[in-house]
Amino acid sequence: MDFHLEFSPKPFGTKIKHQDKLLLAGSCFTENIGEKLKRHKFDVLENPNGILFNPVSIAKSVTSYIENKRYTEADLFFQNETWNSWEHHTRFSDTTAEGCLQKINTSQEAANKFLKEADWVLLTLGSAFVYELENTNVVANCHKVPADKFKKRLLPVEEILAVLDNMMHRIFMFNSNAKIIFTISPVRHLRDGFIENNRSKAALIQAVHHMVNKFDKLFYFPAYELVIDDLRDYRFYAEDMVHPNYSATNYVWDKFVGCCIDDEAQRLMKAINEINAAKSHKAFNAQSVAHKKFLQANLDKVKKIQQQHPYINFEEELLYFGD
């Protein structure tokens, strides 16, 4: 008897290569995929504004990279003894306005340059709920400000479509070579409520598929469906019953590789995995002849791969293995 129906996403017609540059933005699931891409030596810029959940904030952040927006103290607010930005994650907050602005504007400049040359933009939408200030501006992060300072509302599909469509056209005007991958985060926003979470995800799914079905350079990767409908079991969630656990994220990653990544890149990823495993090896005796041979063998392997693929950065590995 089968207790599991496996779902294999249809492979993309155009796939990701190691020569490509990938900008990732969105929910914490974005960071999980981004970390795995970086570990396999893809050229990645991940969440220049920090973790973002709603489509309005994601679209606003991408537009700010295109415009190379420079933030000033007028864009910040002081709360809980730190300076913060309504458009950024708390990792940009600082005890001084100058420190906060330096982190934000340095990230903005890097994102502007990276997006101009990016081959792929991967956007993970987490929730269709937004929190608005009195001036109706949507915030990306509430920064532990009391809830009564915000109005919470569920974005209708039409509004999601409008912000995503505008963002898409801005991206293609700025970088005509870019392709966009949409995903819906499998993280369950149960603080909104069970029914509300499903309404939120449904609105995102409806809007994204409307976009993807209209334009050739837009793709959809079903991370949400893989966890919710394929794995479909609480044992694939962390103790909070909200975030997919290690096994689930690895399962989705394997599906992402098969669906989205070029065959040659997949072969190269296996060689990189071997180097990563060697780099993680803890020597019993670092001064032994055997360990020195081990280091030299892996150094030779890294140099050979780098010679064949000069667009991949192995500086850290060359230093580790003793070059």
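Below: a short report on this structure. (Residues numbered from 1 in each chain as written. Predicted model: local features only at pLDDT ≥ 70, side-chain atom pairs only at ≥ 80, totals over all residues. Heavy atoms only, no water.)

Moving on, we come to the overall build of the protein. Across its full length, the protein holds 10 helices and 10 strands. Taking 20 Å as the expected radius of gyration for a compact globule of 323 residues, we find that the protein reaches 21 Å, a close match to that expectation. Across its three principal directions, the C-alpha atoms of the protein cover 70 × 60 × 40 Å. Each of the 323 residues in the protein was classed as buried or not, and the buried ones make up 51%. Put simply, of all contacts in the protein between residues at least 6 apart along the chain, 70% involve residues at least 24 apart. Surface exposure of the protein reaches about 16,600 Å², of which carbon and sulfur atoms provide 51%. Looking at charge distribution, the protein has the averaged site of its 40 positive side-chain charges lying 3 Å from that of its 42 negative ones. (Helix = DSSP H or I, 4+ residues; strand = E, 2+ residues; numbered from the N terminus. Rg over C-alpha atoms; globule rule 2.2 N^0.38 Å. Buried < 20%, exposed > 50% of the residue type's maximum accessible area, 1.4 Å probe, protein only. Contact = heavy atoms within 4.5 Å. Areas by Shrake-Rupley, 256 points an atom, 1.4 Å probe, with all protein chains shown as cover. Lys, Arg positive; Asp, Glu negative; His and termini not counted. Charge placed at Lys NZ, Arg CZ, Asp CG, Glu CD.)

This paragraph deals with the pairing of strand 6 (residues 129–132). With 4 bridges joining them, strand 6 and strand 8 (residues 151–154) adopt antiparallel strand pairing. Looking at strand 8, one finds that E132 is bridged to K151. As defined by bridge partners, strand 6 adjoins strand 7 (residues 138–139) across 2 bridges and the pair is classed as antiparallel. Within the sheet, the bridge partner assigned to Y131 lies in strand 7 and is V139. (Pairing = 2+ DSSP bridges.)

Attention now moves to the sheet that holds strand 2 (residues 43–46). Strand order in the open sheet formed by 5 strands is 2-1-5-9-10, and the pairing between neighbours is parallel. One side of each edge strand has no neighbouring strand; the edge strands of this open sheet are strand 2 and strand 10 (218–220). On average, adjacent strands in this sheet sit at an angle of 20° to one another, irrespective of strand direction. Note: strand 1 (residues 21–26) against strand 5 (residues 120–125), 5 bridges, orientation parallel. Bridging across to strand 5, L22 finds its partner in W120. Helix 2 (residues 55–67) rests against strand 1 and strand 5 of the sheet, and its axis sits at about 155° to strand 5. (Axes fitted to C-alpha atoms, helices over the stretch in contact; angles between N-to-C directions.)

Between its first and last C-alpha atoms helix 2 spans 18 Å; for 13 residues at 1.5 Å apiece the expected length is 18 Å, and the two agree. What helix 2 keeps buried is the set P55, V56, S57, I58, A59, S61, V62, T63, S64, Y65 and I66. Residue N54 occupies the N-cap position of helix 2, its side-chain oxygen lying 3.0 Å from the main-chain nitrogen of V56. Once helix 2 finishes, N68 follows within two positions and takes phi at roughly 50°, a positive value. (Expected span 1.5 Å × (residues − 1). Polar contact = N/O pair within 3.5 Å; in protein donor to acceptor, adjacent residues only side chain to side chain.)

Turning next to the nonpolar core. Membership of the largest hydrophobic core comes to 43 residues, with the highest contact counts inside it found for L115, L123, I171, I180 and F182. Elements with a contribution of two residues or more to this core: strand 1, helix 2, helix 3 (97–117), strand 5, helix 4 (157–174), strand 9 (179–184), helix 5 (194–214) and strand 10. Of all the elements, helix 4 adds the most residues to this core, at 8 residues. Apart from the residues lying within four places of it in its own chain, the contact partners of L115 are L23, V62, Y65, I66, V121, F174 and N175. (Core = buried A, V, L, I, M, F, W, Y, C linked by side-chain atoms within 4.5 Å.)

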